Each structure stands twice: as structure tokens, then as C-alpha cells.
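This is what each chain is made of:
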Amino acid sequence: MRQLHSKTPSAERMGTAPFGSLKAVAFIAAGLFALGTAVPGAASTRDDRYFETVRSIDLMGDVTREVAENYVDTVDISRLLYSGIDGMLDTLDPYTVFLDREESRELGDLTSNQYAGIGITIAALDGGIYVTSVEKGWPAEKAGLRTGDRISVINDVRLAGKSLDAVRELIRGNVGSPVTLQIQRQGTESFTCRLVREEVRLSTVGHAAFIGGNGGIAYISMTSFADRSGADLRGALGQLQREAAGRSFKMRGIILDLRENPGGLLDAAVDVTGSFVAKGSPVVSIRGRSAGASRSYATTGTPFDASIPLAVLINARSASAAEIVAGAVQDLDRGVIVGERSFGKGLVQSVIRLPYENALKLTTAKYYTPSGRLIQKEAGNAHGARDVLPRKNAGDGTAEVFRTARNRKVYGGGGILPDIQAADPEPSLYLESLEMKGLLFLHAALWRASHPLPPVSSDSTALVQSFSGFLEEQGFTYRSLADRKLEELKKLLSGENAEEAKRAMAAYRTMEVEIAAGREREIGRASREVYTALREEILRHYDERLAVMAEVSHDPMVLKAIEILSSPRSYRKLLSR
């Protein structure tokens, strides 16, 4: 929801191109090379590098001037120069980027996990802007907004045709300022509500609850790593501990779910790890070109519990800070890692503030786990005519073996390879098609409007019938993969001569009948899966917690983690082999 926008120049950076400043950079370059240590034989190398830098800057100035003065159409030179910056950084890595003023602000929102607003997330569906979640305790919830509401007007501005980014900007504003929304809700007349914006701070703990009956297994999911993630986690653990005491049982294990977690702040990852390992335990080291860019990080606080059985869930979209936590837990033999090899994002970015409220997010180092494994998954360089980095091949270090604190073998190759490998189930193409069009969400809003209580098992027949009627009203037609291939074949046949096309069309019609029958079988096979997803989506419109608990009850990774944590013998064996 709060991803960085594409690199569109802001108003502050339009205007006349400062050609003179390009020449001035040459003097800066001279200063940089003059700082080099006096090493015999190095002077000529520094001179060569200085000459190449100055020559390149001069050339950039000359090219810019020629384009400005002689290109066939009028060129916005400021935009051209900023595009040049983007192009230059694109040759390095995907995470080194130039940030304009708006993107710099967005980055601040992401790392603090707070912003001035009303506490909702939104999505564009079926030509409208819908509320997809409401954060508890913030203005939207206090005003009675709920998941499934459609926002049609903000401060007298109609949202028809507005982009999602434009709508976000209308909702956000200064703390204490009012915002008026016109809401359309299924089953009621449209209504208007006036809210006052607050500094919304979102917890990075998505959900925390006991699962699997009274076995004492706690489940905690984390959505990202921001500046208060450690405190968020400790708060959730403390609440679960009090709940267990109130229900007269003991917390016997913790599942920390880091799937889909894109990471965040390094310090937050160290703080989160500190809840589970002894004070002073190594967590991660960073290594860069300069001495100042290399450092080791260890925990500094007293852990919540340094011995309670722990399982960490990861998948291919667990990245960065999430991988730091998983890597430290694995290397210190503190817990079992379950899931898929993680993303492999092990590059450290430093945010360098630039003039005119711009910023540079620059890769300055790489992450290494306590055993020395590089987290970054080397994908290999895209070699071209102007390589700017040393060439490297994908997969370097995959077979390299490292040792944990108890001398277990763990492997390099980028990302974190789990102790127990398990995959998230892939949704069927039919379910994906329904979700892409937002049909589960839209039907859930309709169901919520006419049912005051969440669905129970006895509602299954009515729910399926309601959804089938809804799809018919929406005019939804599922096109299977075979349907798409058949459509391509039909286009090819249209180019044949009449006689050949006539013969081919007879075979085409036979295939059409067979594919239609196959489509119905495919829909039938997916029916249980669709019903489960639909029920969970409807539950989410009543209470997010209900939906999560329903989902984890049949989640294969969670069930595997429960199995491991429920067997002390199996758990110890995994950490000693």
C-alpha cells in the first residue's frame, strides 16, 4: 500500500539546467582522489582515475548542452538530467535509487511505520476505491468505517478516474486537519463522515494468538521491520504470556511467521532477535569497501525467553531484515527454520540526504550471518558494452558449507535455506482469476451487509449458492489456460486459405467441446479451495483475527511447525544433527 512511487520528477527539480554545476563536480572529484593514501606506484593510478572522471563529467555536460540547444523538440533539461541519474544508478543494483521529495517522504513513512492519516488501507477494485482494512484505535475505526466500504468522494473531490496514489494523497494531510469522506456501503444509504487526521502508527506485529487448542503454541506474524518492531514484539509476547497465565496453561513454543515480510531496518532485526537469544549474542555483520562500512551487531537487551522452543517461518518473499532474524536464529541453533529458501536480499542501503529535499538510497555494504554466510543471492551481472561493476556469475558459493554454533552444517548461496523445507500451496488458476478481479472481496462485502454475524459451517450451502449467483450477475466467465491457447489457434487459422481453414475448424470445434468440459472439471476441482478462500475473506470483513485463525488452522507450514514444537525430541534432534 505504501510502496515507493515511480521516479517522477517533483516540481522542485524543474527549471534551467545548471551546466556550470557539472563542471564544478570535477573539482569535487579532484578532492576525492586527493584524499587517497600515498602509496608508492599508486599516484599514476589515481591520476588516471581522476582524468577519466573529469573527462566523463565534461562529456556529460557537452551532451546535455547539445541536446538542450539542438534537439528537434523542446526538451525539459532538468527531467533529462534526473533521468540520467536514474539510468546511471540502474547499472548498479535494484536497491540503489534516487529519491525525489515525495519518495523521500514515503521512505520515512515505511521506516517509521507511521504517517498522518486516518488508519485505513485502500485498493482499486471494479472501478471504485474500497477500504480493504481498518486499523484499530485510529480515526477510521472510531468513525465506524469498515472493510468493504467504497469511498466515492473525499473533500468534495469525486474519485471516479482517480489513481490510487492520487486518492492516498487526498486522504493524507497534516495532523489535526479534517477530512470528509462520502461512503457507499452495501445495504445502506450512502453517508458522509468527517474525520480528523492523526499521526497513525501501525504495529509491525500483524497477529498474535495461541493456536492448536491449549497446547501452548503461540503464533506471531510480523509484517515488516520498523523502528518500534522490537517493542511491538515484546508487547505481543507479554500479552500472550498474561493470557496463558489467565487460562492456567504454560507457553510451550513460539511460531514467528516472517513469510511475505520484505524486511526493513537493521536495528529492528537485531532488536527482534534479542527477544529470543542471550544478551550479547551475535546477529549480523556488515562488510563494505571502507572500514567505516564494516561492523558487527549483537543483542543488547535481556531476552523474553532464550530457551523456549522456537520455529521461524520463511518463504521466497521473506527478505532483508527478515533474513537477518532467520539466519541468526539458525546459526545460533536457537530455533528451527521452516519453509522455502528466502529471497536473498543482503545489501545494506544508506540514505544520503541531497539538496532540494532529495535523497540517495545507496548500497554501501552486504549482510553476513553469524556463521559468515552472505545473505545476498548473487544473480549475476547483466553484461553489456559498458559494465561498471566487476563481472560475477549467478550461484557463486551455493555449495559452500558453514557451521552453526553446535557445528551443524548450513549452506551458502544466498538467502536462508530452511532446516525443514515446505512450500506454501499454490492457488489454482481459477481462484487466482477470481482474486485478480476482486470478486471474493466484493461478494464478502455483499454478504456482510445482509448477515449480522460471521458465517458458520451450517452456512456453507447458502454461501456457495450466493457466490454462484453473484458471479452470474457480474457476468464472470473463467478462461482457462487451454481456452487461451485455443484462442491463439483460432487467430492462426484465420490466416489460412478457405479450404484449409474449413478442415481445421472442424478439428477446432472438437477441441472447443473438450476444453469446455475440461474447464468445468477444473472449476469443480477448485470448488473446495474457492469456498475456503471465500469464507476466510468474509470472516475478514467481520474481524481480521477470525480470518487469520481460520487460515492458519489449515496452513501446511504452520501445521508442520506445530508438529515440531509439540515434540521436544524431534525439536532437539533437528538442532543437533
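S.K.: Can you walk me through the overall build of the protein chain in this structure?
M.R.: From N to C terminus, the protein chain includes 18 helices and 21 strands. Excluding contacts between residues fewer than 6 apart, the proportion of contacts in the protein chain whose partners are at least 24 apart in sequence is 68%. Looking at the protein chain as shown, the accessible area adds up to about 30200 Å², and 53% of this sits on carbon and sulfur atoms.

S.K.: How should the pairing of strand β18 (residues 358–368) be read in this particular structure?
M.R.: In summary, the side chains of a regular strand alternate between the two faces of the sheet. Relative to β18, strand β1 (residues 97–99) runs antiparallel, the two being bridged by three bridges. If you follow Val-97 over to β18, its bridge partner there is Lys-361. Inspection of the sheet shows strand β13 (residues 282–288) paired to β18 by four bridges, in the antiparallel sense. Bridging from a neighbouring strand, Arg-287 pairs with Lys-366 of β18. Relative to β18, strand β17 (residues 347–354) runs antiparallel, the two sharing eight bridges. Along β18, the bridge assignment pairs Val-351 with Lys-361.

S.K.: I tried to follow the side chain of Gln-376 on my own but got confused; where do I start?
M.R.: Summarising the element assignment, Gln-376 is placed in the loop between β18 and β19 (401–403). Here Gln-376 falls in the buried class, since its relative accessible area comes to 11%. Looking at Gln-376, its side chain comes within polar contact range of the main-chain nitrogen of Gly-346, at 2.7 Å. Sequence-distant contacts of Gln-376, defined by excluding residues within four places in its chain, comprise Gly-344, Lys-345, Gly-346, Leu-347 and Gly-414.

S.K.: Would you mind showing me how to read the confidence of the model for the protein chain here?
M.R.: Caution is warranted with low-pLDDT regions, since their predicted coordinates should not be read in detail. Mean pLDDT over the protein chain: 87, with 86% of residues reaching 70 or higher. Ignoring residues within four places in sequence, the model shows residues 1–38, a span with pLDDT below 50, making 65 contacts including any to other chains.

S.K.: Would you mind showing me how to read the pairing of strand β14 (residues 295–298) here?
M.R.: Sheet topology places β13 next to β14; four bridges connect them, and they run antiparallel. Residue pairing across strands places Val-284 opposite Tyr-297, the latter belonging to β14. Adjacent in sequence and paired antiparallel, β13 and β14 are bridged by six residues.

S.K.: Would you explain the sheet that holds strand β21 (residues 420–421) in this entry?
M.R.: The strands making up a sheet are joined through hydrogen bonds of the backbone, oriented either antiparallel or parallel. As summarised here, the arrangement of the six strands in space is β10-β11-β12-β15-β16-β21, forming an open sheet in which the pairing is mixed. Single-partner strands in this sheet number two, and they are β10 (205–211) and β21. As judged from the two bridges shared by strand β16 (residues 336–339) and β21, these two strands associate in the parallel manner. Within β21, the position partnered with Val-338 by the bridge is Ile-420. Lying over the sheet, helix α7 (residues 229–246) contacts β10, β11 (217–222) and β12 (253–257), oriented at roughly 20 degrees with respect to β10. Packing of helix α17 (residues 556–565) onto the sheet brings it into contact with β10, β11, β12, β15 (310–314), β16 and β21, and relative to β15 it is tilted by some 160 degrees.

S.K.: Can you help me understand unusual backbone geometry in this one?
M.R.: In the Ramachandran plot, Asp-126 falls in the positive-phi region, its phi being about 50 degrees despite a non-glycine side chain. Counting through the fold element by element, Asp-126 comes out in the loop between β3 (120–125) and β4 (128–134). Residues other than glycine seldom take positive phi values, yet Glu-260 does so here, at roughly 65 degrees. With a relative accessible area of 44%, Glu-260 lands in the partly exposed category.

S.K.: What should I look at first to understand a positive patch on the surface in this one?
M.R.: Together, Arg-569, Arg-572, Lys-573 and Arg-577 make up a region of like positive charge exposed at the surface. Along the chain, Arg-569 turns up in helix α18 (residues 568–574). Among the residues examined, Arg-569 registers a relative accessible area of 68% and is labelled exposed.

S.K.: Honestly, the nonpolar core in this entry has me stumped. Any pointers?
M.R.: Most often, soluble globular proteins have nonpolar side chains that are buried together. Judged by nonpolar contacts, the single largest core of 63 residues is most densely connected at Phe-225, Ile-255, Leu-256, Leu-258 and Val-312. At seven residues, helix α9 (residues 321–331) tops the list of elements feeding residues into this core. The residues contacting Leu-258, other than those within four sequence positions of it, are Met-222, Phe-225, Val-312, Leu-313, Ile-314, Ser-318, Ala-322 and Val-325. Core analysis: the second largest hydrophobic core is formed by 24 residues, Phe-470, Val-530, Ala-533 and Leu-534 among them.

S.K.: Could you clarify how one ought to interpret the packing of helix α10 (residues 429–436) against helix α15 (residues 527–542) in this entry?
M.R.: Each pair of packed helices gets described by two things: the angle between the helix axes and the distance between those axes. Relative orientation of the contacting elements α10 and α15 amounts to 30 degrees, with a least axis distance of 9 Å. Between α10 and α15 lies a crossing of right-handed hand. Side by side, α10 and α15 meet where Tyr-430, Leu-431 and Leu-434 of the first sit next to Glu-529, Val-530 and Ala-533 of the second. Among the residues forming the contact of α10 with α15, the class breakdown is five nonpolar, no polar and one charged.

S.K.: Looking at this model, I keep getting lost on the environment of Ala-293. Mind explaining?
M.R.: Residue position: Ala-293 is located in the loop between β13 and β14. Exposure remark for Ala-293: the relative accessible area of 14% places this residue in the buried category. Separated by 71 residues in the primary sequence, Ala-293 and Thr-364 place their C-alpha atoms 6.7 Å from one another. Once you skip the residues sitting within four places of it in the chain, Ala-293 turns out to touch Ile-286, Arg-287, Gly-288, Thr-364 and Ala-365.

S.K.: Is there a simple way to think about the packing of aromatic side chains in this case?
M.R.: Note on aromatic pairs: each is described by the distance of the centres and the angle between the planes. Applying the stated criterion across every chain, the model contains six aromatic pairs. Their ring planes at 80 degrees and their centres at 5.0 Å tell us that Phe-210 and Phe-249 sit as a pair that is edge-to-face. Here the residue Phe-210 occupies a position in strand β10, and Phe-249 occupies one in the loop between α7 and β12, the gap between them amounting to 39 residues. Classification of Phe-210 by relative accessible area gives buried; the value is 10%. Overall, the relative accessible area of 14% leaves Phe-249 in the buried class. With a centroid separation of 6.4 Å and 20 degrees between ring planes, the pair formed by Phe-467 and Phe-470 is classed as stacked. A residue pair is termed a helical-turn pair when its members lie 3 or 4 positions apart in one helix, as Phe-467 and Phe-470 do in helix α12 (residues 460–474) at three residues. An aromatic cluster of three or more residues is present, and its members are Tyr-430, Phe-476 and Tyr-478. Positioned over the ring face of Tyr-368 is Arg-287, at 3.7 Å from the centre of the ring.

What counts, and where the lines are drawn
- Residues numbered from 1 in each chain as written.
- Predicted model: local features only at pLDDT ≥ 70, side-chain atom pairs only at ≥ 80, totals over all residues.
- Heavy atoms only, no water.
- Helix = DSSP H or I, 4+ residues; strand = E, 2+ residues; numbered from the N terminus.
- Contact = heavy atoms within 4.5 Å.
- Areas by Shrake-Rupley, 256 points an atom, 1.4 Å probe, with all protein chains shown as cover.
- Pairing = 2+ DSSP bridges.
- Buried < 20%, exposed > 50% of the residue type's maximum accessible area, 1.4 Å probe, protein only.
- Polar contact = N/O pair within 3.5 Å; in protein donor to acceptor, adjacent residues only side chain to side chain.
- pLDDT = per-residue confidence, 0-100.
- Axes fitted to C-alpha atoms, helices over the stretch in contact; angles between N-to-C directions.
- Patch = residues over 30% accessible without salt bridge, like charges linked within 9 Å, V, L, I, M, F, W, Y side chains within 5 Å.
- Salt bridge = Lys/Arg side-chain N within 4 Å of Asp/Glu carboxyl O.
- Lys, Arg positive; Asp, Glu negative; His and termini not counted.
- Charge placed at Lys NZ, Arg CZ, Asp CG, Glu CD.
- Core = buried A, V, L, I, M, F, W, Y, C linked by side-chain atoms within 4.5 Å.
- Left-handed = near helix turned anticlockwise from the far one by under 90°.
- Nonpolar A, V, L, I, M, F, W, Y, C, P; charged D, E, K, R; others polar.
- Phe/Tyr/Trp six-rings, centres within 6.5 Å; stacked < 30°, edge-to-face > 60°.
- Lys NZ or Arg CZ within 6 Å of the ring centre and 35° of its normal.

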